[in-house]
Amino acid sequence: MRAIAAEPLPVDFRMLLEGCLDMVWLACVSEHSHRFLYCSPSSSAVLGYSPEQIIAMTPNDIFTPESQQVIAEDVQKIRAGQPASMVIVEAVHSDGRHIWLENKIRVLERDPDQAMRLVIYLRDVTDRKLLQDQLAQMAYLDGLTGIQNRRAFDLALEKEWRRAARSGQPLSLILLDVDHFKKFNDTYGHLTGDDCLRAIAAAAQLCLRRPDDVVARYGGEELAVLLPGTSADGAEEVAQRLCAGVMDLGIPHSGNDGRGIVTMSGGVSTAVVSFGGRIRMPQGLLKAADAALYRAKGLGRNQVASSVLLKALGERMRGTPIGTRPAKHD
Ligand code: GH3
Ligand code: MG
Ligand code: MG
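What you are looking at is a predicted structure, and each value in this text was computed from that prediction instead of being measured.

A. Quick look at the overall build of the chain. Helix and strand counts for the chain stand at 11 helices and 13 strands. Burial status across the chain gives 46% buried among its 330 residues. Restricting to contacts in the chain with at least 6 residues of sequence separation, those with at least 24 account for 60%. If you sum the accessible surface of the chain, you get close to 17600 Å²; carbon and sulfur atoms cover 55% of it.

Written out as structure tokens, the structure is:
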């Protein structure tokens, strides 16, 4: 291997530091105090505060409360012996804008009394973070209708089931399916079919009133609705309201068994955790709603059928035509 001569480099390192677009800070951190000793000039461009102003500040003046917590935990790990770390934190610019910083910490020195000298490299990653958040959000949205997609619904179902198991509250699920939608496409064309699905999704969203209610496009022309803390009767009312909301759109559909407009059928299932012993959950809730939907289709469409999951009886089924129950859920 070729030896590299240990000559002094012809570079002024301070000049490099001062010309760097990232912020470089030097801090002295002990158990009870946190002092900045040096801040590079780019702090003015990134955070809107001069190095002198930052030196007079504490992390609490710069970072949001959540990020202060992240930094405190990070410093704790370094105090425990970790030599370096990297976290993404949120800071508030002097003009009030929130910016995201990649915060890399390296230990320079550790004193026997446990005071540490740290060098902190901070890079503005706001654009990247916003793009990442946007992409993550898009991964859970349906491209056609803009409501949540099946992935988001499945996650919400798992989460709400765990919550229901803790609280003992009932959890209801509705599956809705457009009646004779294949004929709709055949008659009016696929693009009009897409418009119809968008209108249905928007109408369904308007029908839901509680903040924890979730509506998602579960399949082609199928919506799934999750109603935490809602009884079987309440869920059936919501399903009726959803089907009535779609009928109110008055979208023409000549091939819909003489009804003349687009309609939906619904299957409702409700689980009360204290009853549920035999059935695998929360998948059982989906299966029961699907079975109820199948029943609603078989009974002539444009109606809602329900199944309540009970420990002793397995499933109790019933069907109710649209519009026969007063709405009580809100
Ligand atoms: P049923 O009343 O029994 O539900 O009859 P159906 O015709 O609605 O049921 P089927 O499952 O046979 O057809 C569903 C149709 O939904 C077929 C498919 O072309 C259509 N579809 C699924 N996804 C989309 C979509 O994104 N856009 C449009 N325009 N149509 C879709
Ligand atoms: Mg279908
Ligand atoms: Mg259908």
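Read on, since the account is not over.
B. Representation of unusual backbone geometry in the model. Despite not being glycine, His180 shows a phi value in the positive range, around 45°. Within the secondary structure, His180 is located in the loop between strand 6 (171-178) and helix 8 (181-188). By relative accessible area, which is 17% here, His180 ends up buried. Even without being glycine, Arg301 reaches a positive phi, approximately 70°. Here Arg301 shows up in the loop between helix 11 (283-298) and strand 12 (303-310).

C. Local environment of the site of ligand 1. With respect to spatial proximity, 16 residues lie near ligand 1, and among them Asp177, Phe181, Asp194, Arg217 and Arg301 are the closest. Here ligand 1, which alone exposes 650 Å², has 67% of that area covered by the protein. Counting residues per element, the ones that place at least two in the shell around ligand 1 are strand 6, helix 8 and helix 9 (190-207). Looking at the shell around ligand 1 residue by residue, the class counts come to 3 nonpolar, 5 polar and 8 charged.

D. Layout of the coordination of the magnesium ion (ligand 2). For the magnesium ion (ligand 2), the full set of protein donor atoms is Asp177 (OD) and Glu221 (OE), at a range of 2.1 to 2.2 Å. Here the magnesium ion (ligand 2) and the magnesium ion (ligand 3) are spaced 3.7 Å apart, with Asp177 acting as a shared donor. With Asp177 in strand 6 and Glu221 in the loop between strand 7 (214-219) and strand 8 (222-228), this residue pair connects regions lying 44 residues apart in the sequence. Relative accessible area serves as the criterion here: at 10%, Asp177 is assigned to the buried category.

E. Here's a closer look at the pairing of strand 4 (residues 98-110). Note that strand 3 (residues 84-92) and strand 4 share 9 bridges and pair antiparallel. Across the sheet, residue Ile88 finds its bridge partner in strand 4, namely Glu102. Hairpin geometry of strand 3 and strand 4 is characterised by an intervening segment of 5 residues between the two adjacent antiparallel strands and by a positive phi of about 95° at Gly96. Of the strand pairs in this sheet, strand 4 and strand 5 (residues 116-124) are connected by 9 bridges, and their pairing is antiparallel. Of the residues in strand 5, the one forming a bridge with Arg110 is Met116. The loop that links strand 4 with its antiparallel partner strand 5 comprises 5 residues; one of these, Gln114, has a positive phi angle of about 75°.

F. Representation of the sheet that holds strand 2 (residues 34-39) within the structure. The 5 strands lie next to each other as 2-1-5-4-3, forming an open sheet whose pairing is antiparallel. Of all strands in the sheet, those bounded by a partner on one side alone are strand 2 and strand 3. Strand-to-strand twist in this sheet, taken as the mean axis angle between neighbours without regard to direction, amounts to 30°. Packing against the sheet, helix 5 (residues 65-79) makes contact with strand 1 (23-29), strand 2, strand 3, strand 4 and strand 5, and its axis sits at approximately 160° to strand 3. The strands touched by helix 6 (residues 126-138) within the sheet are strand 3, strand 4 and strand 5, with strand 4 carrying the most contacts at an inclination of about 120°.

Conventions adopted
- As a convention, each chain's residues are numbered from 1 in the sequence order in which they are written.
- Starting at A for chains and at 1 for ligands, labels are handed out in the order in which the entities are written.
- Side-chain atom pairs in this predicted model are given and counted only at pLDDT of 80 or more, local residue features only at pLDDT of at least 70, and totals for whole chains, interfaces and linings cover all residues.
- Side-chain metrics in this entry use all non-hydrogen atoms of the structure; hydrogen atoms and water are not considered.
- The helix count covers DSSP runs of H or I at least four residues long, the strand count covers runs of E at least two residues long, and both are numbered beginning at the N terminus.
- Note on classification: 1.4 Å probe, protein chains only; a residue is buried when its accessible area is under 20% of the maximum for its type, exposed when over 50%, partly exposed between these limits.
- Contact definition: two residues touch when any of their heavy atoms are within 4.5 Å.
- Only the protein chains shown count as covering a residue, and every accessible area follows the Shrake-Rupley method with a 1.4 Å probe.
- Residues are classed as near a molecule or strand on a simple rule: at least one heavy atom within 4 Å of it.
- Ten residues, namely Ala, Val, Leu, Ile, Met, Phe, Trp, Tyr, Cys and Pro, are considered nonpolar, four, namely Asp, Glu, Lys and Arg, are considered charged, and the remaining ones, Gly among them, are considered polar.
- For Na, K and Ca the donor cutoff is 3.2 Å, while for all other metals N, O and S atoms must lie within 2.8 Å; water is not among the atoms, so some sites may look incomplete.
- In this scheme, strands are said to pair when DSSP sees at least two bridges between them.
- The axes used here are C-alpha line fits, helices contributing only the stretch in contact, and every angle between their N-to-C directions lies in the interval 0 to 180 degrees.

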